[in-house]
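Structural features, examined
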Amino acid sequence: MTIYEQESAIGKAIWHQVTTVVILKQNMRQTVQSEKDAKFRTALENMRYNSCTEEDIAFLETRVAGAAGAPSLSQKNFAEVSIITAFNSDRDAINSEGAKLFAMRHNVPLYTFYSVDRLAIRNKPGKKGKKMNAAISLNSVIQEAAGGLPPGVTEQLAGKLELCKGMPIMIRHNIATECCVTNGAQAVVFDWDASQLPDGKLVLDTLFVMLVNPPKTIKIDGLPENVVPIPKTSKTITCFLPDDTVISIHRQQVFVLHNFSMTDFNSQGRTRPYNVVNLSNCKNFQSYYTCLSRSSSADGTIILKSFDKSKIQGGLDGSLRQEFRELEILNEITKKRYNEELSVDINGEHRNAMLGQFYKHYSRQYLPDGVHSAIAWTAKSPIPFQNVSTITPWKILGKTEKNKPTESSDKQPDLSNSALLPDLDNDDSDSDSDDDETLVASQQTANASLENDKMDVDSDSLQLLGSTDTLEDNDEMDIDDSSIEINKMDIDLEQPINSTATYTGVKKDNSSDIAYPIVEAISSSFNTIHQTAWASDQM
């Protein structure tokens with residue numbers, strides 16, 4: 001059993017200790033009362049359970065750009081709306097084009113600010129257990145390659161930023177939560193403080209941005225209302241070069257990105273009066289739902305291209321349907337407890353026990369009000385349940401114990417019968433024999449945690465936000481010595497070298513009739529943009 005499998009099993013067991021569930025069923029985002037908005041709300045509700053009808057599909061097709069009755073991308077309200085898409089590579093390509101179009105449309109100069117990069121190396125511990133750190137300047141070839149990589153493959157820390165005043169940006173790190181300078185906050189460029197490297201390239205020291213609709217008004221002495229400073233940050237990141245080489249570099253840059261596009265992961269929790277989405281690379285109905293449910297109205301929604309309706313039809317698989325069903329029962333238990341209608345006998349400490357007590361009191365045929373038809377059960381086909389009476393606690397084995405046989409064979413971890421864990425047949429990750437601890441789960445605990453929710457986890461459908469922990473200049477990261485040959489580099493230990501991806505500039509056009517919206521221009525060339533492929537398309 002790999003570490004990933006063990007962590008997955010333990011994580012599911014912890015989740016099943018949650019027995020107080022409140023499902024929010026009143027739609028507070030799409031509140032406009034019109035025939036189109038009623039159809040939109042119905043389509044979203046069905047989409048949440050992968051059960052869109054043909055009527056839902058027909059309505060959604062009316063929101064595709066160019067369709068009869070759909071809003072036009074040439075409308076002013078959609079001119080600079082950030083496009084929601086699934087892949088980092090699409091987001092980066094749209095942002096790059098959007099920055100150039102923004103500068104041309106507003107007839108303002110575009111400035112390029114470079115990161116300062118060094119190769120990060122950590123040596124093995126010496127005799128006294130001390131580790132030697134080094135930050136070695138990159139040679140010109142690797143420096144140019146690393147600096148020109150899109151943010152999607154450099155942990156969202158850009159090698160170069162092309163900015164002008166008024167440009168929309170998104171903050172990508174929690175810098176000052178008390179001032180609303182948080183990861184995902186939207187802003188526009190107000191001003192900057194920059195310095196020059198010996199080769200003449202600009203490096204940002206501080207970027208001043210004006211927050212867009214912050215939760216509260218921010219006033220810093222000496223700055224206009226809602227204008228906040230974002231200083232340069234140092235972070236050790238992993239870069240995937242175009243030739244598949246992986247290197248670790250120590251990068252100094254301001255933690256912001258353009259905001260002409262964002263991923264579906266990053267769009268979560270937002271309400272957008274004008275919502276432009278690209279569904280072509282969305283992998284499943286959850287991604288479709290996330291993109292489209294950001295809209296506050298049907299008229300404010302534009303789907304850039306045609307979409308695959310099979311991804312939002314067909315219903316839920318048995319394991320996910322069972323999870324939704326059990327959450328509905330737990331929601332009913334919570335509601336009855338709040339209304340003081342719950343029997344004192346229903347008091348389990350984990351999901352299985354709580355559900356068993358509820359079914360004993362009310363029966364498995366009991367169907368709460370408001371359950372969606374896609375997950376509803378009937379008296380003839382009641383909700384499945386398998387009671388597990390024995391709960392054995394998890395045991396953590398130390399390094400010296402992990403290879404010892406257990407006292408009884410029935411305590412060996414065996415989750416082979418559980419469909420919860422993802423298919424790892426093609427997973428190249430192996431547990432390290434030098435890991436300090438190995439987590440081992442007992443058979444009884446695994447059954448208690450997993451038996452009633454055998455959900456297949458598709459790892460490709462999970463979007464994980466990369467680490468954004470800020471590191472100081474002396475922080476360190478291991479690097480695989482085989483991934484790069486240090487002796488072939490032109491190393492300069494005296495002078496830090498910044499990334500040197502060449503910027504050719506923006507063609508200036510002094511004509512006053514450049515009025516086409518950025519979103520429309522991006523949409524017209526989207527097929528070309530989409531062909532941009534990079535090493536990582538995961539969030």
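Residues numbered from 1 in each chain as written. Predicted model: local features only at pLDDT ≥ 70, side-chain atom pairs only at ≥ 80, totals over all residues. Heavy atoms only, no water.

1. Side note on the overall build of the protein
- Along the backbone of the protein there are 12 helices and 18 strands.
- A total of 539 residues make up the protein; the buried ones form 45% of that total.
- About 27400 Å² of surface is accessible on the protein, with carbon and sulfur atoms providing 49% of the total. (Helix = DSSP H or I, 4+ residues; strand = E, 2+ residues; numbered from the N terminus. Buried < 20%, exposed > 50% of the residue type's maximum accessible area, 1.4 Å probe, protein only. Areas by Shrake-Rupley, 256 points an atom, 1.4 Å probe, with all protein chains shown as cover.)

2. A closer look at the nonpolar core
- Residues Leu 279, Phe 307 and Ile 312 are the most contacted members of the largest nonpolar core, which totals 44 residues.
- Among the secondary structure elements, those contributing two or more residues to this core are α2 (35–47), α3 (54–61), α7 (285–292), α8 (318–338) and α9 (351–362).
- In this structure Ile 312 touches Met 47, Asn 50, Ser 51, Cys 52, Ile 57, Leu 60, Phe 285, Tyr 288 and Phe 307, once residues within four positions along its chain are discounted.
- Core analysis: the next-biggest nonpolar cluster, separate from the first, contains 30 residues, Ala 158, Ala 176, Cys 180 and Ala 187 among them. (Core = buried A, V, L, I, M, F, W, Y, C linked by side-chain atoms within 4.5 Å. Contact = heavy atoms within 4.5 Å.)

3. A look at empty space enclosed by the protein
- Taken as a whole and assessed by the stated rule, the structure comprises one cavity of 30 Å³ or more.
- Of the volumes computed, that of the largest cavity is approximately 50 Å³.
- Taken together, Arg 91, Asn 95, Met 170, Arg 172, Leu 257, His 258, Asn 259, Ser 261, Met 262, Thr 263 and Asn 266 make up the full set of residues lining the largest cavity.
- Within the residue set of the lining of the largest cavity, elements represented by two or more residues are α4 (88–106), β12 (256–258) and β13 (261–263).
- Classifying every residue of the lining of the largest cavity gives three nonpolar, six polar and two charged. (1 Å grid on protein atoms, 1.4 Å probe; cavity = no way out; pocket = protein on both sides within 12 Å on 5 of 7 lines; lining within 4 Å. Points joined across faces, edges and corners; volume = space filled by probe spheres on them. Nonpolar A, V, L, I, M, F, W, Y, C, P; charged D, E, K, R; others polar.)

4. Observations regarding the confidence of the model for the protein
- Here the protein shows a mean pLDDT of 77. Residues at 70 or above account for 69%.
- Contacts for the low-pLDDT stretch residues 129–133, under 50 throughout, to residues beyond four places or in other chains number 13 contacts.
- Of the regions scoring below 50 in pLDDT, residues 408–539 engages in 286 contacts with residues more than four places distant in sequence or in other chains. (pLDDT = per-residue confidence, 0-100.)

5. A closer look at the environment of Glu 155
- Summarising the element assignment, Glu 155 is placed in the loop between α5 (140–147) and β5 (160–163).
- Glu 155 sits in the partly exposed class, given a relative accessible area of 21%.
- Side-chain polar atoms of Glu 155 contact the side chain of Lys 235, separated by 2.7 Å. (Polar contact = N/O pair within 3.5 Å; in protein donor to acceptor, adjacent residues only side chain to side chain.)

6. As for the sheet that holds strand β1 (residues 83–85)
- With respect to topology, four strands assemble into an open sheet ordered β13-β1-β14-β15, the strand pairing being parallel. A single partner strand is all that each edge strand has here, and the edge strands are β13 and β15 (301–303). Each neighbouring strand pair of the sheet contributes to a mean axis angle of 25°, computed without reference to strand direction.
- Of the pairings in the sheet, the one linking β1 to strand β14 (residues 275–277) comprises two bridges and is parallel in character. (Pairing = 2+ DSSP bridges. Axes fitted to C-alpha atoms, helices over the stretch in contact; angles between N-to-C directions.)

7. Description of the pattern of salt bridges
- As enumerated under the stated definition, the model contains 18 salt bridges in all.
- Lys 25 is the partner of Glu 328 in a salt bridge, and the nearest nitrogen-oxygen pair spans 3.1 Å. Taken together, the residues span a long stretch of sequence, with Glu 328 in helix α8 and Lys 25 in the loop between α1 (3–15) and α2 at a distance of 303 residues.
- Of the residues examined, Lys 25 reaches a relative accessible area of 44% and is grouped as partly exposed.
- For Glu 54, the salt bridge goes to Lys 309, with nearest N and O atoms at 3.6 Å. With Glu 54 in helix α3 and Lys 309 in the loop between β15 and α8, this residue pair connects regions lying 255 residues apart in the sequence. (Salt bridge = Lys/Arg side-chain N within 4 Å of Asp/Glu carboxyl O.)

8. With respect to the packing of α2 against α3
- Look at α2 against α3: their axes get within 9 Å of each other, and the N-to-C directions meet at 120°. On the basis of the axis angle, α2 is oblique to α3. Here the hand of the crossing between α2 and α3 comes out left-handed. In contact with Lys 36, Lys 39, Phe 40, Thr 42, Ala 43, Asn 46 and Met 47 of α2, α3 contributes Asp 56, Phe 59 and Leu 60.
- Each residue belonging to the contact of α2 with α3 can be placed in one class, and the counts come to five nonpolar, two polar and three charged. (Parallel < 35°, antiparallel > 145°, perpendicular 65-115°, else oblique. Left-handed = near helix turned anticlockwise from the far one by under 90°.)

9. A word on unusual backbone geometry
- Look at Asn 213: it is not a glycine, yet its phi comes out positive at around 50°.
- Considering the arrangement of structural elements, one finds Asn 213 in the loop between β8 (202–211) and β9 (227–231).
- Notably, Ser 363 is not glycine yet its phi reads approximately 85°, a positive angle.
- Within the element layout of this structure, Ser 363 appears in the loop between α9 and β16 (395–397).

10. Here's the deal with the state of the cysteines
- This model, assessed by the stated rule, comprises zero disulfides.
- Residue Cys 180 stays outside any disulfide, its sulfur separated by 7.3 Å from that of Cys 179, the closest cysteine.
- Relative accessible area serves as the criterion here: at 9%, Cys 180 is assigned to the buried category. (Disulfide = S-S within 2.5 Å.)

11. Focus on α5
- Among the residues of α5, those classed as buried are Ile 142, Gln 143, Ala 146 and Gly 147. The buried residues of α5 occupy an angular sector of 125° when projected down its axis, which confines them to one face. Turned more than 90 degrees away from the buried face of α5 sit Ser 140 and Val 141, all of them exposed. (Arc of directions from axis to C-beta.)

12. Side note on the side chain of Arg 294
- Its place among the elements puts Arg 294 in the loop between α7 and β15.
- The side chain of Arg 294 is buried and forms no salt bridge, while Asp 264, the nearest opposite charge, is found at 9.7 Å.
- Separated by 3.2 Å, the side chain of Arg 294 and the backbone oxygen of Arg 270 make a polar contact.
- Sequence-distant contacts of Arg 294, defined by excluding residues within four places in its chain, comprise Arg 29, Ile 84, Ser 267, Gln 268, Gly 269, Arg 270, Thr 271, Arg 272 and Asn 275. (Lys, Arg positive; Asp, Glu negative; His and termini not counted.)

13. With respect to the packing of α2 against α7
- Relative orientation of the contacting elements α2 and α7 amounts to 150°, with a least axis distance of 9 Å. Of the possible angle classes, the one that applies to α2 and α7 is roughly antiparallel. Regarding α2 and α7, the two cross each other, and that crossing is left-handed. Taken together, the residues of α7 that come into contact with α2 (itself represented by Phe 40, Leu 44 and Met 47) are Phe 285, Tyr 288, Tyr 289 and Leu 292.

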